[in-house]
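Reading the structure
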Amino acid sequence: MASYRAMVNVVILAVALACALALAYPRLSQATLWRATVTPLASIIGSGFLVLGPVLHASYGWAAPLAMAALCLCAWLFGAAIRSNIRALEASPERCAAARALETAASWTLAFAYVVSVAYYLNLLGAFGVSLTEVDDRFHARALTSCVFVLILFVGVFYGFGALERLEQASVSVKLAIIAGLLAGLAAHFGAAATAGALVAAPVTLSPWHGLTLAFGLIVTVQGFETSRYLGARYDAPTRIRSMRLAQLLSAGVYLVYIGLLSYSFAPGALGLDETAIIDMIRVVAPVLPAMLVAAALSAQFSAAVADTGGSGGLIEELTGGRVPARAGYALLVAIGLALTWTADVFEIISYASRAFALYYALQSAIAALSTARAAPGRAAGFVALACLGLAMALLGRSAE
């Protein structure tokens, strides 16, 4: 048994290293399409990866891969609406008054969504930051989260995020490499369970309605593809559209493999339902994984929080015509984030963030419907249906319990 676990450790480290080297290969890392893909890909395969597995396993049991596929499909459809808007803007920057009003509302919604998502990222950072220590409890996790909030505010107000944002580029490759190692470890664990005839099919623990509303509350875990919409200063419209598609396809593949391997190789009740439940899970898979995943979690959550803090502050400054400077936006974000940190748990914050992003996607879908109404009425009707779906998610999404 000891030799088997040592071999799994070696395989995990070898796969992670091979993935890191591949991502550092100049022909890939410097390719325009890949550089455009990294931003949305890093956003999609981020914090959601850390919490989705245990939540889906505990709630949907054997049907967890189906729930994951439904989330990925919803994300793809909302991505189609945003891709349509990218094309429409490229073809004609001038929009009707209704589309401009919806775009303004969408921008305000996105700014607020960023505020909540930063609280989500940093609360996960706090939970994972203390997960392998002797002070692994909610108070110390919240205290660590609060300290990082204050650090981000200090850096943003006095120095700007330029230096910190450069760290994000390096953290992306590290995170993806560690995820590759995690999948290799899960594949080995799944194979061993299959060989021993120990695969399981956990029961679904939710009613259909509760399962639907929980899925609505998890849409933020596959969010991030919309960042391609705002990379116009660096990439042309066709590149942004292709990169969004590629990011969504790659992330969907990773998520489906991850949930598929996890769902049938752990017995019901084997995983707890808290934000760091994945740590307990991967201890069973391989001893090397907990430290690797905590390192990935800390770097990923910090870099994502920095990016969204900068994005929110910049949006607020732009939308107010400079009357509210970005630094004031950072202070508002931190104040709301601290309030959420000390009054809500991570799953509640995930639900709030999901609702905010669902409303943003509903507005983007409505814009797409307006833009295509004359040229493609059938397509416009589909976007109207998407807008209704996004609104339903915003109204009905609930948190995991």
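Residues numbered from 1 in each chain as written. Predicted model: local features only at pLDDT ≥ 70, side-chain atom pairs only at ≥ 80, totals over all residues. Heavy atoms only, no water.

1. Regarding the overall build of the protein
Across its full length, the protein holds 15 helices and zero strands. A globule of 401 residues ought to have a C-alpha radius of gyration of about 21 Å, and the protein, at 21 Å, matches this closely. For the protein, the residues scored as buried account for 53% of the 401 residues in total. Contacts in the protein between residues at least 24 apart in sequence constitute 85% of all its contacts with a sequence separation of at least 6. A total of about 16,600 Å² of accessible surface is found on the protein, and carbon and sulfur atoms cover 68% of it. In the protein, 23 side chains carry a positive charge and 19 a negative one; their mean positions are 11 Å apart. (Helix = DSSP H or I, 4+ residues; strand = E, 2+ residues; numbered from the N terminus. Rg over C-alpha atoms; globule rule 2.2 N^0.38 Å. Buried < 20%, exposed > 50% of the residue type's maximum accessible area, 1.4 Å probe, protein only. Contact = heavy atoms within 4.5 Å. Areas by Shrake-Rupley, 256 points an atom, 1.4 Å probe, with all protein chains shown as cover. Lys, Arg positive; Asp, Glu negative; His and termini not counted. Charge placed at Lys NZ, Arg CZ, Asp CG, Glu CD.)

2. Structural notes on the side chain of Ser 263
With respect to the helices and strands, the residue Ser 263 is situated in helix 10 (residues 237-263). Here the side chain of Ser 263 touches Ile 259 through a polar contact of 2.6 Å, landing on its backbone oxygen. Beyond its immediate sequence surroundings of up to four residues, Ser 263 is in contact with His 57, Gly 61, Ala 64, Pro 65 and Val 200. (Polar contact = N/O pair within 3.5 Å; in protein donor to acceptor, adjacent residues only side chain to side chain.)

3. Some details on the pattern of salt bridges
Using the criterion set out here, one finds one salt bridge in the structure. Linking Arg 229 and Glu 103 is a salt bridge whose minimum nitrogen-to-oxygen distance equals 3.2 Å. Within this pair, whereas Arg 229 is found in the loop between helix 9 (208-216) and helix 10, its partner Glu 103 is found in helix 6 (residues 97-129), the two being separated by 126 residues in sequence. (Salt bridge = Lys/Arg side-chain N within 4 Å of Asp/Glu carboxyl O.)

4. Focus: helix 14 (residues 346-372)
For an α-helix, the turn length of 3.6 residues means that residues three or four places apart are oriented alike. With 27 residues, helix 14 extends 38 Å between its outermost C-alpha atoms, agreeing within 8% with the 39 Å of an ideal straight helix rising 1.5 Å per residue. Among the 27 residues that make up helix 14, 20 are buried, leaving the element largely enclosed by the rest of the structure. Of the residues that open helix 14, the one with a side-chain oxygen 3.0 Å from the backbone nitrogen of Phe 347 is Asp 345. (Expected span 1.5 Å × (residues − 1).)

5. A look at the environment of Ala 14
Within the secondary structure, Ala 14 sits in helix 1 (residues 2-24). For Ala 14, a relative accessible area of 44% corresponds to the partly exposed category. Placed 315 residues apart in sequence, Ala 14 and Gly 329 show a C-alpha to C-alpha distance of 43 Å.

6. Let's talk about the side chain of Ser 265
Positionally, Ser 265 belongs in the loop between helix 10 and helix 11 (277-285). Judged by relative accessible area, Ser 265 falls into the buried class, the value being 9%. Among the polar contacts made by the side chain of Ser 265, one reaches the main-chain carbonyl oxygen of Leu 261 at a distance of 2.6 Å. Look past the residues within four positions of Ser 265 in its chain and what remains in contact with it is His 189, Phe 190, Ala 193 and Leu 199.

7. What to know about the packing of aromatic side chains
For any two aromatic rings, the description comes down to two numbers: the centre-to-centre distance and the angle of the planes. Tallied over the entire structure, the rule returns six aromatic pairs. Seen in terms of ring centroids, Phe 78 and Tyr 361 are 5.2 Å apart; in terms of plane orientation they differ by 20°. Their pairing is stacked. Of the two residues, Phe 78 sits in helix 5 (residues 64-91) while Tyr 361 sits in helix 14, which places them 283 residues apart along the sequence. Take Phe 78: its relative accessible area is 1%, and that puts it in the buried class. Ring centres of Tyr 120 and Tyr 121 lie 5.4 Å apart, and the angle between their planes is 25°; this geometry places the pair in the stacked category. In terms of burial, Tyr 120 and Tyr 121 fall into one category: buried. (Phe/Tyr/Trp six-rings, centres within 6.5 Å; stacked < 30°, edge-to-face > 60°.)

8. Notes on the packing of helix 6 against helix 14
Where helix 6 contacts helix 14, the two axes come as close as 8 Å, and the packing angle between them is 160°. Regarding the angle of helix 6 to helix 14, the classification is roughly antiparallel. When the axes of helix 6 and helix 14 are compared, the crossing they make is left-handed. Class assignment of the residues belonging to the contact of helix 6 with helix 14 gives a composition of 26 nonpolar, four polar and one charged. (Axes fitted to C-alpha atoms, helices over the stretch in contact; angles between N-to-C directions. Parallel < 35°, antiparallel > 145°, perpendicular 65-115°, else oblique. Left-handed = near helix turned anticlockwise from the far one by under 90°. Nonpolar A, V, L, I, M, F, W, Y, C, P; charged D, E, K, R; others polar.)

9. Considerations on a nonpolar patch on the surface
Together, Trp 209, Leu 212, Leu 359, Leu 391, Leu 395 and Leu 396 give the surface a local cluster of nonpolar side chains, amounting to about 560 Å² of exposed area. Taken together, the elements giving at least two residues each to the nonpolar patch come down to helix 9 and helix 15 (377-396). For the nonpolar patch, the leading source of residues is helix 15, giving three residues. Tracing the backbone through its elements, the reader meets Leu 396 in helix 15. The class of Leu 396 is partly exposed, set by a relative accessible area of 38%. (Patch = residues over 30% accessible without salt bridge, like charges linked within 9 Å, V, L, I, M, F, W, Y side chains within 5 Å.)

10. As for the nonpolar core
With 111 residues, the main nonpolar core has Leu 56, Met 68, Leu 182, Tyr 255, Tyr 258 and Ile 278 as its most contacted residues. Counting residues per element, this core draws most heavily on helix 6, which supplies 15 residues. Not counting residues within four places of it along the chain, the set of residues in contact with Ile 278 comprises Phe 49, Leu 50, Pro 54, Phe 128, Leu 182, Tyr 258 and Leu 293. (Core = buried A, V, L, I, M, F, W, Y, C linked by side-chain atoms within 4.5 Å.)

11. As for the packing of helix 7 (residues 138-158) against helix 13 (residues 326-343)
Helix 13 packs onto helix 7 with a crossing angle of 180° between their chain directions and a minimal axis gap of 10 Å. As judged from the angle between their axes, helix 7 and helix 13 are roughly antiparallel. Residues Phe 139, Arg 142, Ala 143, Thr 145, Ser 146, Phe 149, Leu 153, Gly 156 and Val 157 of helix 7 pack against Arg 327, Tyr 330, Ala 331, Leu 333, Val 334, Gly 337, Leu 338, Thr 341 and Trp 342 of helix 13. Looking at the contact of helix 7 with helix 13 residue by residue, the classes come out as 11 nonpolar, five polar and two charged.

12. Quick word on the confidence of the model for the protein
Looking at the protein as a whole, its pLDDT mean stands at 85, while 94% of the residues score no less than 70. At the level of individual helices and strands, the protein shows its lowest average pLDDT in helix 8 (residues 162-195), which scores 78, and its highest in helix 15, which scores 93. (pLDDT = per-residue confidence, 0-100.)

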